[in-house]
Amino acid sequence: MSRRRRMVVANWKMYGRLTSGLVLAREIAEKAEEARPLNFDLVLCPPATLTWAIGEALLGTPVMLGGQDCHTATHGAYTGDLSAAMFVDLGCRYIILGHSERRYGHGESSELIAQKVEAAQLAGLTTIVCVGETADELKAGETAEIIEKQLRESLPKKIKTANLVVAYEPIWAIGTGQQPEPEDVVTVHKQIRKVLGEVGETVRVLYGGSVTPSNAENILCEDEVDGVLVGSASLNADGFWAIAEKCQ
Ligand code: 13P
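Draft legend 1. Spotlight on the packing of helix α5 (residues 110–122) against helix α7 (residues 143–154). Direction vectors running N to C along α5 and α7 enclose 45°, while the axes themselves pass 7 Å from each other. With respect to α7, the element α5 is oriented oblique. Across the interface between the two elements, Ser-110, Glu-111, Ile-113, Ala-114 and Val-117 of α5 pack against Gln-150, Glu-153 and Ser-154 of α7. Considering only residue class, the contact of α5 with α7 consists of three nonpolar, three polar and two charged.

Draft legend 2. Summary view of the pairing of strand β6 (residues 164–168). Of all five residues in β6, five are buried; the element is thus mostly enclosed. Every second residue of β6 is oriented toward a common face, with Leu-164, Val-166 and Tyr-168 on one face and Val-165 and Ala-167 on the other, all of them buried. Judged from the five bridges that link them, strand β5 (residues 126–131) and β6 form a sheet pairing that is parallel. Bridge pairing links Cys-130 to Ala-167 in β6. Inspection of the sheet shows β6 paired to strand β7 (residues 204–208) by four bridges, in the parallel sense. Looking across to β7, one finds that Tyr-168 is bridged to Tyr-207. Traced from β6 through helix α8 (residues 182–196) to β7, the parallel crossover comes out right-handed.

Draft legend 3. Here's a closer look at the pattern of salt bridges. In total, this model carries 16 salt bridges according to the counting rule given. In this structure, the salt-bridge partner of Arg-102 is Glu-108, at a minimum N-O distance of 3.0 Å. With a closest N to O distance of 2.8 Å, Asp-226 and Arg-193 form a salt bridge. Separated by 33 residues along the polypeptide, Asp-226 in the loop between α9 (216–220) and β8 (227–230) and Arg-193 in helix α8 bring together distant segments of the chain. One salt-bridge network, held together by shared partners, links Arg-4, Arg-193, Glu-201, Glu-224 and Asp-226.

Draft legend 4. Looking closely at the pairing of strand β1 (residues 6–11). Of all the six residues making up β1, six are buried; the element is thus mostly covered by neighbouring parts of the structure. What you see with β1 is no split at all: Arg-6, Val-8 and Ala-10 on one side and Met-7, Val-9 and Asn-11 on the other are buried throughout. Of the pairings in the sheet, the one linking β1 to strand β2 (residues 40–45) comprises six bridges and is parallel in character. Bridge pairing in β2 links Val-8 to Leu-42. With respect to chirality, the unit in which β1 leads through helix α1 (residues 18–35) into the neighbouring parallel β2 is right-handed.

Draft legend 5. Summary view of the packing of aromatic side chains. The tally for this structure, following the rule as stated, stands at two aromatic pairs. Here Phe-40 and Trp-241 contribute two aromatic rings whose centre-to-centre distance is 6.3 Å and whose plane-to-plane angle is 45°, an arrangement assigned as tilted. Of the two residues, Phe-40 is situated in strand β2 and Trp-241 in helix α10 (residues 237–244); the sequence distance between them amounts to 201 residues. The pair Phe-40 / Trp-241 is uniform in exposure class, with both members buried.

Draft legend 6. View of the site of the ligand. For the ligand, the full set of nearby residues is Asn-11, Lys-13, His-99, Glu-169, Ala-173, Ile-174, Gly-175, Gly-209, Ser-210, Leu-229, Gly-231 and Ser-232. Gly-231 is positioned such that a nitrogen or oxygen atom in its backbone is 2.9 Å from an oxygen atom of the ligand. Burial of the ligand by the protein chains amounts to 98% of its free accessible area of 310 Å². Of the residues in the shell around the ligand, the class split is three nonpolar, seven polar and two charged.

Draft legend 7. Seen up close, unusual backbone geometry. A cis geometry characterises the amide bond from Arg-36 onward to Pro-37, with omega recorded as -5°. Locating Pro-37 in the fold gives a position in the loop between α1 and β2. Positioned with a positive phi, Lys-13 is a non-glycine residue whose angle comes to about 50°. Position of Lys-13 among the secondary structure elements: in the loop between β1 and α1. The backbone of Ser-210 sits at a positive phi, close to 55°, despite the residue not being glycine.

Calculation notes
- Each residue is numbered by its place in its chain's sequence as written, counting from 1.
- This being a predicted model, a pLDDT of at least 70 is required before a residue's local features are given, and a value of 80 or more before pairs of side-chain atoms are given or counted; all residues contribute to the totals for chains, interfaces and linings.
- As a rule here, side-chain values come from all non-hydrogen atoms in the structure, and water together with hydrogens is ignored.
- Interaxial angle, 0 to 180 degrees, is taken between N-to-C directions of lines fitted to C-alpha atoms, where a helix line uses only the stretch in contact.
- We count a stretch as a helix when DSSP gives it H or I for four or more residues in a row; a strand needs E for two or more, and each element gets its number in order from the N terminus.
- Should an angle lie under 35 degrees it is considered roughly parallel, over 145 roughly antiparallel, and from 65 to 115 roughly perpendicular; all remaining angles are considered oblique.
- In this description, contact between two residues means that some pair of their heavy atoms is separated by no more than 4.5 Å.
- Throughout, the ten residues Ala, Val, Leu, Ile, Met, Phe, Trp, Tyr, Cys and Pro are labelled nonpolar, Asp, Glu, Lys and Arg are labelled charged, and all others, Gly among them, are labelled polar.
- Residue exposure (1.4 Å probe, protein chains only): buried if accessible area is under 20% of the type maximum, exposed if over 50%, otherwise partly exposed.
- Criterion used throughout: strands pair if DSSP finds at least two bridges between them.
- A crossover gets the label right-handed when its path from the first strand over the helix to the second runs clockwise, viewed with the strands pointing away from the viewer.
- Think of a salt bridge as a Lys or Arg side-chain nitrogen and an Asp or Glu carboxyl oxygen that are within 4 Å of each other.
- Each Phe, Tyr or Trp ring (for Trp, its six-membered ring) is paired with any other whose centre lies within 6.5 Å, and the angle between the two planes then decides the class: stacked below 30 degrees, edge-to-face above 60, tilted in between.
- Here a residue counts as near a molecule or strand whenever at least one of its heavy atoms sits within 4 Å of it.
- In protein, a polar contact requires one atom able to donate a hydrogen and another able to accept it; more generally it is a pair of N or O atoms within 3.5 Å, and residues adjacent in sequence count only if both atoms are side-chain atoms.
- In short, Shrake-Rupley with a 1.4 Å probe defines the accessible areas, and a residue's cover is counted only from the protein chains shown.

Nothing here speaks to function; it is all geometry.
So this is what it looks like as structure tokens:
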């Protein structure tokens, strides 16, 4: 068993309207309530529009809330953006930063992500920082190099490692049904710990990319894997719980 407390995080991305999102959150919370006390951290990261309502629905349950991205500034003239403190207001304890859908879909650089990490930690959030290689980088044998570079550049100098979680999400595995072999995940997770230096053994490192109820066990049985970051399979309460309970 891993020495670190495990973690299962749902990234709902841009899915869920008020009614469907509330139903899903309540169903997940009900399962978590029945399983109390949870031996792992369970976090839902819904679209920001749902966070307040879901936060109310989750009050008193063991399920925690997170955001999917935030701005670097505390406030200002930034149309359409949300600050880390705003997520804190909504009851969030976590925030996903540097997801590949932000890095590649919105052209976010590692330098920008490092600024977001610093801002989010200052606001009191625990940052889930995503790193991962593309299919071409994998083919070229550049995974180790890319992961090290992304990680080093995406963490601010003033990092609070107690408030840091790293998620290894190979881009080619996101939403594709493809996955690395568990031993390859272990290799990357070990490398992430090495890059983090002496605190590496205390930081939780998650895996994300096409995690489903049928393949979660293969990954979660590895000591190096402190949990999973789940996309599409987190949009169904039974399926998501089937993954989560493997950490119980
Ligand atoms: P999928 O689980 O849908 O592959 O998404 C993974 C992901 O991007 C989680 O952040």
